Amino acid sequence: MTSNKDVSSSRVSSHPRPPKIDHFINQFLDAACDSRRRYILELLVPPEGQDSPDGYELRAGEIADRLGLAPSTTSEHLHKLLKLHLLSTRKEGTVVYYRLRNGHLVSAFHELLEALETYYSARDLPRSV
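Bear in mind the structure is a predicted one, so any value in this text is a computation, not a measurement.

### Examining the sheet that holds strand β1 (residues 58-59)
Spatially, three strands are ordered β1-β3-β2 in an open sheet, and the strand pairing comes out antiparallel. Of all the strands in the sheet, just β1 and β2 (87-92) have a single pairing partner and so form its edges. Two strands pair when backbone bridges link them, and β2 and strand β3 (residues 95-100) are joined in this way by six bridges, in the antiparallel orientation. Residue pairing across strands places Ser88 opposite Arg99, the latter belonging to β3.

### Let's talk about the packing of helix α3 (residues 35-43) against helix α4 (residues 60-67)
When two helices pack together, you describe them by how their axes are tilted relative to each other and by the distance separating the axes. At a closest axis distance of 11 Å, the pairing of α3 and α4 adopts a crossing angle of 115 degrees. Once α3 is placed against α4, the crossing between them reads as right-handed. Only Ile63, Arg66 and Leu67 of α4 make contact with α3, whose side of the interface consists of Arg36, Tyr39, Ile40 and Leu43. Grouping the constituent residues of the contact of α3 with α4 by class yields five nonpolar, no polar and two charged.

Parameters at a glance
- Residues numbered from 1 in each chain as written.
- Predicted model: local features only at pLDDT ≥ 70, side-chain atom pairs only at ≥ 80, totals over all residues.
- Heavy atoms only, no water.
- Pairing = 2+ DSSP bridges.
- Helix = DSSP H or I, 4+ residues; strand = E, 2+ residues; numbered from the N terminus.
- Axes fitted to C-alpha atoms, helices over the stretch in contact; angles between N-to-C directions.
- Left-handed = near helix turned anticlockwise from the far one by under 90°.
- Contact = heavy atoms within 4.5 Å.
- Nonpolar A, V, L, I, M, F, W, Y, C, P; charged D, E, K, R; others polar.

This is the structure:
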């Protein structure tokens, strides 16, 4: 009989990822675990009906205002997301615009968040976990 530990360890060892890829996956998940960075990513998902993230961009100040964050805090989070290659920028004079760099990845993540929200909203959850 095979235990769950045996199954999961054989699954991992049979399909190892290159360490560099694991490193970036871990960084993405670390970034996504911070609710403020997660909200920034969600805010930059194009509105319904707009397929491409290329035409949808916001200034750092707009992002800060919409999320109720200090400009300096917003800047730190945007910098981290830029380092992870999740955002790209466009400069117009002194104004910097931010948009999703990998719309497919962030859209998939957004769908996961919606599924989690639907799942947990339908449950009678304790007040604190």
